[in-house]
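A closer look at the structure
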Amino acid sequence: MKKTEMKETNEATIDKILKAQRDYFATHETKSVDFRLNQLKKFKSAIEKNEKKITDALHKDLHKSYEEAYLTEVSIVLQELKNHIKNVKKWSKPHKVSTPLHLLPSRGSLHHEPLGVSLIIAPWNYPFQLLMNPLVGAISAGCCAVLKPSEFTPNTAQVMQEIIAEIFDDNYIALVQGTQETGEALLKKRWDLIFFTGSTAVGKIVMKAAAEHLTPVVLELGGKSPCIVDETANLEIAARRIAWGKTINAGQTCIAPDYLLAHESIKEELIVKITESFEDMFGDEPQESKFYPRIIHEKAFDRLKGLMQDGTVKSGGETDREEKFIAPTVLDNVKKSDPVMQQEIFGPILPVLSYSKMEEALAFINQNEKPLALYYFGKEKNAKEVLTKTTSGGVCINDTLMHITNHHLPFGGVGGSGMGQYHGKESFKTFSNQRAVVKTPTWIDVSFKYAPFKHFKWIRKFV
Ligand code: NAD
């Protein structure tokens, strides 16, 4: 099939690609494990070959340094690919399950089969990782896929389109460019899975559209991820790890610590140490640092600037609209009713609230939507209480963000922060249908299930 080259994608083109992918999926070619393995290897080589183009594009779109772009985008996808290349054969094998007495001599097994033609929609904050990582799962499970990158990171989208077009045919994997309009056109179609990463508001639109066709959805959404620091914490380490988690991609990270709940006895010291950590990473003038990213667009810059009006600026506060620069900023004296505490911040602004008793902090967290991530700094015995009395998609004890890098752990949200999980084997499962198979021999046909239910009293004991 001819490769597509487009900016906004019209409905007729989407229909054409979708039909081609349905026809191709129906050939069963994508189901062969050798085929999947080859595609994964081809994909990995293409990323390695194009590493510079990808990291340059991320710099153009978000001012991400090569180091940050490699660590938070390219290497994550390469690790995911290595894991799938190593395990796809094992994961794809049918697994025997044990058989209850009443079913003997039948045998049960679990088979993973590809769901079919999938749609993957990504946001702009990790534009490469968040489109390419789910694709690894789609390929590994044997699905076809249509990919829709964000319109706000056009350089990265262009490089991804070139890579995908070079190694895959549109009837297997196609990337379509476009804005919300293209997103809406895609959502009108019937898919076998929609994998969406983005805002809660659009997540609801995706789920409504999917309901029309009873299409399963994975929603990787956002929200406010709290970070508790109690009086037992190692403040030096806590400050450094919080400052890092808040400034990677200038705070435009779905699992960034959104706000701090600090015990009143250590709040002041913690703020001082966080400020020092910002300086250690980006110097006195973060605007000059080659390691400090920019805000995605003016609209986001204006929203963040508005949020900085709440409370008192304890450190940072400098902004430059032309460069879409906002310095790492700590806000004190913030009220729970302030806008900065009512919406996902998604920028380098850190409001610090204090608490006197742990129950207060936990009650506040539990009043809000279930978060994507939750961070706790302090001693093990208190961590247990935090884990038992809260919920979230993921947790780090004495760290931020790092849970996302363990591919043996599933990644995803709960409640308002999303549904469904991926990474590693979980991605393979997400794009698969787990099919239950029972094989029954014909050399015997036990009569207890047939009317008139002979020996019923005896059979009752075994079912
Ligand atoms: P967004 O929801 O505005 O856009 C995401 C994608 O959806 C884009 O490709 C966009 O073009 C498309 N889109 C927008 N409107 C649409 C519509 N009506 N119909 C169909 N498609 C539509 O999100 P964003 O601003 O790009 O990203 C920021 C949000 O994403 C934050 O809330 C953040 O927390 C969240 N996020 C979550 C994760 C996660 O893994 N859970 C990761 C990154 C970002």
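Only a predicted model underlies this, so the values are computations on that prediction, with no experimental measurement involved. (Residues numbered from 1 in each chain as written. Predicted model: local features only at pLDDT ≥ 70, side-chain atom pairs only at ≥ 80, totals over all residues. Heavy atoms only, no water.)

1. Describing the site of the ligand
Surrounding the ligand, one finds 28 residues, the nearest of these being Ala122, Glu151, Ser199, Leu221 and Glu344. At 2.8 Å from an oxygen atom of the ligand is found a side-chain nitrogen or oxygen belonging to Lys148. Contact distances for the ligand include 3.2 Å between an oxygen atom and a backbone N or O atom of Gly198. Computed on the free molecule, the ligand has an accessible area of 860 Å², of which 92% lies beneath the protein chains in the complex. Of all the secondary-structure elements, those providing two or more residues to the shell around the ligand are helix H7 (180-187), strand E6 (193-197) and helix H8 (200-213). Taken together, the residues of the shell around the ligand sort by class into 15 nonpolar, eight polar and five charged. (Near = heavy atom within 4 Å. Polar contact = N/O pair within 3.5 Å; in protein donor to acceptor, adjacent residues only side chain to side chain. Areas by Shrake-Rupley, 256 points an atom, 1.4 Å probe, with all protein chains shown as cover. Helix = DSSP H or I, 4+ residues; strand = E, 2+ residues; numbered from the N terminus. Nonpolar A, V, L, I, M, F, W, Y, C, P; charged D, E, K, R; others polar.)

2. Some remarks on the environment of Leu307
Along the polypeptide, Leu307 turns up in helix H11 (residues 298-307). When the C-alpha atoms of Leu307 and Met341 are compared, they prove to be 9.0 Å apart, with 34 residues separating the residues in sequence. Residues contacting Leu307, with those up to four places away along its chain left out, are Leu331, Pro339, Val340, Gln343, Ile345 and Ile349. (Contact = heavy atoms within 4.5 Å.)

3. Considerations on the packing of helix H9 (residues 235-247) against helix H10 (residues 267-282)
At their nearest, the axes of H9 and H10 sit 8 Å apart, and the two run at 55 degrees to each other. When the axes of H9 and H10 are compared, the pair comes out oblique. Seen along the crossing, H9 lies across H10 with a hand that is right-handed. Note on element contacts: H10 touches H9 through Glu269, Leu270, Lys273, Ile274, Ser277, Phe278, Met281 and Phe282, opposite Leu235, Glu236, Ala238, Ala239, Arg240, Ile242, Ala243, Trp244 and Thr247. Taken together, the residues of the contact of H9 with H10 break down into eleven nonpolar, two polar and four charged. (Axes fitted to C-alpha atoms, helices over the stretch in contact; angles between N-to-C directions. Parallel < 35°, antiparallel > 145°, perpendicular 65-115°, else oblique. Left-handed = near helix turned anticlockwise from the far one by under 90°.)

4. Let's talk about the UniProt feature "active site" (unreviewed entry) in the chain
In this structure's numbering, the residues bearing the UniProt feature "active site" (unreviewed entry) are Glu220. Along the polypeptide, Glu220 turns up in strand E7 (residues 217-220). Look at Glu220 and you get buried, because its relative accessible area is 3%. Discounting chain neighbours no more than four positions away, the residues touching Glu220 are Phe195, Phe196, Thr197, Gly198, Phe411, Gly412, Gly413, Ser417, Gly420, Gln421 and Tyr422. (UniProt positions renumbered as here; feature names shortened; annotations may be inferred. Buried < 20%, exposed > 50% of the residue type's maximum accessible area, 1.4 Å probe, protein only.)

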